[in-house]
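Take a look at the letters that make up each chain.
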Amino acid sequence: MKVIFITGASTGLGKATARLFQSRGWKVIATMRNPGKETELVQLENVTVLPLDVTNVEQIDKTVKEVIASGGVDVVFNNAGYGLMGPLESATDEQIVRQINTNLLGVIRVTKAFIPYFREERKGLFITTTSIGGLVTFPFSSMYHATKWAIEGWSESLAFELNKMGIGIKTVSPGAISTDFIGRSLDMSSHPAYNEWVEQMFSNTGDHMQSGSSAEQIAEVVYDAATDGKDQLRYVAGDDAKALYAQRLQMGDEAFRKQLGELFLK
């Protein structure tokens, strides 16, 4: 039985992925910050729920060692993350550090902890949730984009060294997912000098998120990435993300950037 290790499995894409892999015969190790609150995954056969805060280095090392000792892992799905939105000028240093610690350093540290095991096995696969926001940008999301673009570049570089040892690395870049991301996974900062533009930018964000792909649809892309055997780095997920990324490639960076600016900041 193959095993997948998932971070950020308490809600949204992480939980949908845990359910999907379990339904297809995988053993799932679902990690989250507050496992005591989880009521659904704990009832599923072959699902183990463990505590993991990806900003806690000691807990990462401890949890990874326990998982490896209990039988190993085939796929690591780095999914934990959230969005810091708003003008950079209004973001506190604490908010900036937390965003980087969670979205970027959390992924790097979890991956690094598993590499020695995968290297000895000469196999294994890392999949990381980035975002269409790791391939294109929107106003008032600079710190979020900083982490997601960093993960894309980091993954591309890391693939060179890991592929030589039989270890795969892939990214899944979803567009909007119709979950409670806006209320649950968003940290907003504000500044009066930018309020008019920010309101303009985010006026329809909630509707857009609700009209996006379902978490289950994106989980299917994660499953494909885990099982298709392809030497492929990026999986753009969701019709909106595919269309947006294709538009950027067709138009070129500068024309695309100017179009978005005119659209969102009139």
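The structure this text deals with has already been given above.
So, here's what we can say about the structure. Everything quoted here is computed from the prediction, not taken from an experiment.

## Focus: the side chain of threonine 147
Reasoning step 1: Locating threonine 147 in the fold gives a position in helix 4 (residues 142–163).
Reasoning step 2: Polar contacts involving the side chain of threonine 147 include one to the side chain of asparagine 103, which spans 3.3 Å.
Reasoning step 3: Each residue touching threonine 147, except ones within four places of it in the same chain, is listed here: Gln99, Ile100, Asn103 and Leu104.

## A few points about the packing of helix 3 (residues 93–121) against helix 4
Reasoning step 1: Two numbers describe how helix 3 lies on helix 4: the axes approach to 9 Å, and their chain directions differ by 15°. Classified by the angle between their axes, helix 3 and helix 4 sit roughly parallel to one another. Along this stretch, helix 3 crosses helix 4, giving a crossing that reads as right-handed. Between helix 3 and helix 4, the contacting residues are Ile96, Gln99, Ile100, Asn103, Leu104, Val107, Ile108, Thr111 and Ile115 on the first element and Met143, Tyr144, Thr147, Lys148, Ala150, Ile151, Trp154, Leu158 and Leu162 on the second.
Reasoning step 2: Classifying every residue of the contact of helix 3 with helix 4 by side-chain character gives 13 nonpolar, 4 polar and 1 charged.

## Considerations on the packing of aromatic side chains
Reasoning step 1: This structure, assessed with the given rule, holds 6 aromatic pairs.
Reasoning step 2: Between the aromatic rings of phenylalanine 5 and phenylalanine 114, the centroid separation amounts to 5.0 Å while the plane-to-plane angle is 65°, which identifies the pairing as edge-to-face. With phenylalanine 5 in strand 1 (residues 3–6) and phenylalanine 114 in helix 3, this pair connects stretches of sequence that are 109 residues apart. Exposure class is identical for phenylalanine 5 and phenylalanine 114. Each is buried.
Reasoning step 3: When the centroid spacing of 4.9 Å and the interplanar angle of 85° are considered together, the rings of phenylalanine 21 and tryptophan 26 count as edge-to-face.
Reasoning step 4: Given a relative accessible area of 0%, phenylalanine 21 falls into the buried group.
Reasoning step 5: The exposure class assigned to tryptophan 26 is buried, which follows from its relative accessible area of 6%.
Reasoning step 6: Three or more aromatic residues joined by ring pairs make a cluster, and in this case those are Phe5, Phe114, Tyr117, Phe118 and Phe126.
Reasoning step 7: Across the ring face of tyrosine 223, the terminal group of arginine 24 is positioned such that the distance to the ring centre comes to 4.7 Å.

## Comments concerning the pattern of salt bridges
Reasoning step 1: Here the structure, examined in full by the defined rule, presents 11 salt bridges.
Reasoning step 2: A salt bridge links glutamate 40 to lysine 15; the nearest nitrogen and oxygen atoms lie 3.7 Å apart. With a gap of 25 residues between them, glutamate 40 in the loop between strand 2 (27–32) and strand 3 (47–51) and lysine 15 in helix 1 (residues 12–23) connect regions that are remote in the sequence.
Reasoning step 3: Salt bridges linked by common partners bring Lys15, Arg19, Glu38, Glu40 and Glu216 together as one network.

## Some words on the nonpolar core
Reasoning step 1: Among the nonpolar cores identified, the biggest contains 31 residues, and Ile4, Phe21, Val28, Leu41, Ile127 and Val172 are the most heavily contacted of them.
Reasoning step 2: Here this core gets 8 residues from one element, more than from any other, and that element is helix 8 (residues 215–227).
Reasoning step 3: Setting aside its immediate chain neighbours within four residues, isoleucine 127 contacts Val75, Val76, Phe77, Asn78, Lys170, Val172, Val222, Ala225 and Ala226.
Reasoning step 4: Core analysis: the second largest hydrophobic core is formed by 30 residues, Val54, Val73, Phe114 and Leu233 among them.

## With respect to helix 2 (residues 57–69)
Reasoning step 1: With 13 residues, helix 2 should cover 18 Å at 1.5 Å per step; its first-to-last C-alpha distance of 18 Å lies within 8% of that length.
Reasoning step 2: Ile60, Thr63, Val64 and Val67 are the residues of helix 2 that are buried. Taken around the axis of helix 2, the buried residues stretch over an arc of 100°, which confines them to a single face. Exposed and oriented more than 90 degrees from the buried face of helix 2 are Glu58, Lys62, Lys65 and Ala69.
Reasoning step 3: Those residues of helix 2 that are buried are in contact with strand 1, strand 2, strand 3 and helix 3.
Reasoning step 4: Near the N-terminus of helix 2, the side chain that reaches the backbone nitrogen of glutamate 58, with its oxygen 3.2 Å away, is that of asparagine 56.

## Description of the layout of surface pockets
Reasoning step 1: Within this model, the second largest pocket holds a volume of roughly 400 Å³.
Reasoning step 2: In terms of lining residues, the second largest pocket is bounded by 22 residues, among which Gly124, Leu125, Gly168, Lys170 and Lys230 are the most central.
Reasoning step 3: Of all the secondary-structure elements, those providing two or more residues to the lining of the second largest pocket are helix 4, strand 7 (168–174) and helix 8.
Reasoning step 4: The class makeup of the residues in the lining of the second largest pocket is 9 nonpolar, 7 polar and 6 charged.

## A word on unusual backbone geometry
Reasoning step 1: A positive phi is found at arginine 122, a non-glycine position, where the angle reads about 60°.
Reasoning step 2: One can find arginine 122 in the loop between helix 3 and strand 6 (125–129).
Reasoning step 3: You will see that phenylalanine 140, though not glycine, has its phi angle at about 60°, which is positive.
Reasoning step 4: Here phenylalanine 140 shows up in the loop between strand 6 and helix 4.

Conventions and cut-offs
- Residues numbered from 1 in each chain as written.
- Predicted model: local features only at pLDDT ≥ 70, side-chain atom pairs only at ≥ 80, totals over all residues.
- Heavy atoms only, no water.
- Helix = DSSP H or I, 4+ residues; strand = E, 2+ residues; numbered from the N terminus.
- Polar contact = N/O pair within 3.5 Å; in protein donor to acceptor, adjacent residues only side chain to side chain.
- Contact = heavy atoms within 4.5 Å.
- Axes fitted to C-alpha atoms, helices over the stretch in contact; angles between N-to-C directions.
- Parallel < 35°, antiparallel > 145°, perpendicular 65-115°, else oblique.
- Left-handed = near helix turned anticlockwise from the far one by under 90°.
- Nonpolar A, V, L, I, M, F, W, Y, C, P; charged D, E, K, R; others polar.
- Phe/Tyr/Trp six-rings, centres within 6.5 Å; stacked < 30°, edge-to-face > 60°.
- Buried < 20%, exposed > 50% of the residue type's maximum accessible area, 1.4 Å probe, protein only.
- Lys NZ or Arg CZ within 6 Å of the ring centre and 35° of its normal.
- Salt bridge = Lys/Arg side-chain N within 4 Å of Asp/Glu carboxyl O.
- Core = buried A, V, L, I, M, F, W, Y, C linked by side-chain atoms within 4.5 Å.
- Expected span 1.5 Å × (residues − 1).
- Arc of directions from axis to C-beta.
- 1 Å grid on protein atoms, 1.4 Å probe; cavity = no way out; pocket = protein on both sides within 12 Å on 5 of 7 lines; lining within 4 Å.
- Points joined across faces, edges and corners; volume = space filled by probe spheres on them.

These values are about where atoms sit, not about what they do.
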